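Spelled out from the first residue to the last, the chains are:
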Amino acid sequence: MSPAAAPLRAQQGPAALAALSRAVAPTLLALGLAAATTWLWQRLAPVGHQPAEQLEYAIVRGQLERAERIAAATDVVVIGDSAGLINIDPAGLSAAVDGISVEGLATLAFAGPQGHALMLDRFRARGGAPRRVLLALRALALRGGPSEAAVERMLQSPELPLAAATLDRMRDRLQTLVAPSLYLPLPGAWSDYYGGVAPLDHMLRSRHGFLHDPNKSLPRRVFPRLPPYDRNAAFEAQLPQLAAAIAAIGPERVRLLLMPEMIAFRAGHMEAVRAETIALLESRLGLDPARRLSGLPDGLPGDRFASITHLNALGRAEYNQSLAAALRRDRERFPW
Amino acid sequence: MSFVSLAFAVFFPVVLVLYHLLGARLRAQNALLLAASYLFYGWWDWRFLGLLLFTSLVDYAAARLMAERPARRGVALAVSLSMNLGVLFAFKYFDFFADSLNALLAQFGATPSFTLLHVILPVGISFYTFQSMAYTIDVYRGVVAAERDLPRFLTYVAFFPQLVAGPIERARHMLPQFARPRHVTLDGLRRGLWLIVWGYYLKIVLGDVSGAYADAAFRVDQTFGWSVILGTVAFGLQIYGDFSGYSAIAKGTAALLGFELMWNFDRPYWSLDVREFWQRWHISLSTWLRDYLYIPLGGNRRGRLRTMLNLFLTMVLGGLWHGAAWNFVLWGAWHGALLGVHRVYDAALPAQRRLPVPLAWALTTLAVFIGWFFFRARSWPMITGMTAALGNLTWTPGHGALLVALAVLIAPVALVEWLQARRGAWVVADAPVPVRVLWEAAALLVMVAVMDRVRAEFIYFQF
């Protein structure tokens, strides 16, 4: 590429600066036009500021909105942490249990019992009366530390707050221009499967409030490692809120699903941890041990896991088969 | 100092105004450029200023020796080459070769004995040593005269727009520009400014946005074939946006100072064969390799087999220039092999029996992007893991989203390049003011929208 001949007179010194200011004028005009357009746009149609932890908040926001929209006559509602969000297959359960409707309102461990209670309360407040509520938690539920700030934010309106500074508001407005197509990739395999937050949010809604972990399986080296177990006082401190939500909906309708862990872990202290967790949750949440779902696996082989708490496609299929059978038995014992 | 930094946003306007205020005082302008260039380089790590000065002084002295004592030209050149290649070897390649030798020895049960230096790689070392070294070779060959004016020569080596990532300028093109009064024209300034805006767009939007997609895809534990394919496309866009963006900003900033830098990129992804690709991609390096490596090796003057060997060796060394790692060697070897195959094909088939244009473009692009896969996959486990993932061509919603994102990134750049191909390089710069204002406003809006993904560093800084 060779430049076309430059016809104008060559300049030096101050004359060059004058030419420079003439040359730069269109660019400054473009800058001014861009700034003015954005300023006006954010004034006319302001948008909320996306918090840094976009994936987490997208899930929480999505589920909060769903809690107010899903059918009140839903048969089975799932609340809980990411084990409930990921490990349950609504279509498979529906097909295996006489076409029952299954909707997920599970979020993430950081929401804590208070966050799970909030989902249930929202659903109930609009007349939701499910036949069964499955409280699905990972095996190491008592270890989880709910984030106070996150719960506070959840208790607020799901609408995102406006940024304080005008420049930030302008940037937020502009980001909505590119966000639908030029998404920020999610971490690791989540990016491969979902892309960014927006496609993930879309799938969460179209798949009845459930997602799946796209990781194939855990690296072999992870299997033998048993996660450290320390009970988290903050989790237990929030149990009364969840107990109140359960009491309002009817504890006889609620079933605790403590997700299976890797069989390799069961050689350690996991068996005792599991028994302790179930006993503590049932007693603090007012759940009747006699109504416990039976026949669910406590452990699965390591190759059924995408992460320490999430099942992969194979594990999910296997677990949901057992869950469907358990729900059928439950319905026979305690007719809906 | 990076072009994408607040420091540069302050630095460059100050330098520009001071420079033009100096008017016709050439020596003062050069002194200002020299001071500014050393400040620009020292902003990263002032300790490496000594290395830059040392390299420049040795090459200046070597060239002077060649001019004053023609009988000692060979010795002077040997000193210059030894120093430049020695510096490159010590800072860039020693650990790579020592590590590789240690690994080889360990394979045979011997105890590894080479101690690694773990020195920091000075930014842009490959660029300025190649530029400085080319000068002494050109003086040796009689292509350029040895520069007498030391500050002028130091400024030529350290000229900040192109110091850390090229283009690798030739002395016969650049040195005379430091020796004569620089004039600017309104057209030249307008074009320079357009190059700067376009360069930032390429870097921030095309380079950095697609870089995030490439980073997400290039993983040892990758299991999706389409992620490998689309991730490689994303990396091809990233490296193009990042490097051609840098080159455009460099050319634009130099133009505002009244200098003309060479074009380093000429729409490379429109190439119809691999040879053409190398005539359009990183032109300053490919011509450097041709003039100072391929031709001295014998070029195409010693038969077909030797020509192909020369091509292969040149490209392998070109790969190694990019970085001290085996994946760069592999990338260079891939292109060396492709150029060899193309040469055979070119000789075997008459022009009328060549591939149709769309097919030629598709095959060339495929070959180039396979090369980018080796370039980006920095370890053997990543290469093998991601290659194995190609067996799983499951299409996910994420792949759909990525495909849309890549199309959105490519479309405006392809449009501008298509217009450039039809109406010349300055088609946007010379457009009527309202068109240009709208175009630049749109580009600025998108740049701000994706600003949170900006990386201050350019990929080629590490080379």
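Residues numbered from 1 in each chain as written. Chains lettered and ligands numbered in written order. Predicted model: local features only at pLDDT ≥ 70, side-chain atom pairs only at ≥ 80, totals over all residues. Heavy atoms only, no water.

Asker: Just to check I follow, could you spell out empty space enclosed by the protein for this structure?
Answerer: Once rolled over the atoms, a probe with the size of a water molecule shows which space is left empty. Residues and elements named next belong to chain B. In total, this model carries six cavities of 30 Å³ or more according to the counting rule given. The computed volume of the largest cavity comes to approximately 190 Å³. What lines the largest cavity is a set of 18 residues, among which Trp198, Ser244, Ala248, Trp263 and Phe265 lie closest to the centre. The set of elements that each furnish at least two residues to the lining of the largest cavity consists of helix H8 (186–217), helix H9 (225–256) and helix H16 (397–423). Per-element accounting of the lining of the largest cavity gives the leading share, five residues, to H9. Residues belonging to the lining of the largest cavity are distributed by class as follows: 10 nonpolar, four polar and four charged. (1 Å grid on protein atoms, 1.4 Å probe; cavity = no way out; pocket = protein on both sides within 12 Å on 5 of 7 lines; lining within 4 Å. Points joined across faces, edges and corners; volume = space filled by probe spheres on them. Helix = DSSP H or I, 4+ residues; strand = E, 2+ residues; numbered from the N terminus. Nonpolar A, V, L, I, M, F, W, Y, C, P; charged D, E, K, R; others polar.)

Asker: Would you mind going over the packing of aromatic side chains with me for this structure?
Answerer: Aromatic rings considered in pairs are described by the distance between their centres and by the relative angle of their planes. Under the defined criterion, the tally for this structure stands at 58 aromatic pairs over all chains. Directly above the aromatic system of tryptophan 336 of chain A lies the positively charged group of arginine 331 of chain A, at a separation of 5.1 Å from the ring centroid. Positioned above the aromatic ring of tryptophan 321 of chain B, the side-chain terminus of lysine 92 of chain B is 5.4 Å from the ring centre. (Phe/Tyr/Trp six-rings, centres within 6.5 Å; stacked < 30°, edge-to-face > 60°. Lys NZ or Arg CZ within 6 Å of the ring centre and 35° of its normal.)

Asker: Help me understand the pattern of salt bridges, please; the structure alone is not making it clear to me.
Answerer: Pairs can form between side chains of opposite charge once their charged atoms are near each other. All told, the structure shown has 38 salt bridges over all chains when counted by the stated rule. For arginine 205 of chain A, the salt bridge is made with glutamate 65 of chain A, and the minimal N-O distance between the two is 3.0 Å. Of this pair, arginine 205 of chain A sits in helix H9 (residues 197–206) while glutamate 65 of chain A sits in helix H2 (residues 54–67); the two residues are 140 residues apart in sequence, bridging distant segments of the chain. You can call arginine 205 of chain A partly exposed: its relative accessible area is 29%. Classification of glutamate 65 of chain A as partly exposed rests on a relative accessible area of 21%. The salt bridge involving arginine 152 of chain B is made with aspartate 149 of chain B; its shortest N-O contact spans 3.6 Å. As far as burial versus exposure is concerned, arginine 152 of chain B and aspartate 149 of chain B are alike and both buried. Shared partners join several salt bridges into a network, and the residues in it are Arg27, Glu147, Asp149 and Arg152 of chain B. (Salt bridge = Lys/Arg side-chain N within 4 Å of Asp/Glu carboxyl O. Buried < 20%, exposed > 50% of the residue type's maximum accessible area, 1.4 Å probe, protein only.)

Asker: What is the right way to read the pairing of strand E1 (residues 76–80) of chain A from this model?
Answerer: Where a strand is regular, its side chains alternate between the two sheet faces. Residues and elements named next belong to chain A. Most of E1 sits out of view: five of its five residues are buried. Of the two faces of E1, both are covered, the one formed by Val76, Val78 and Gly80 as well as the one formed by Val77 and Ile79. Where E1 lies against strand E3 (residues 132–137), five bridges are found, and the strand directions are parallel. Within E3, the position partnered with valine 77 by the bridge is valine 133. (Pairing = 2+ DSSP bridges.)

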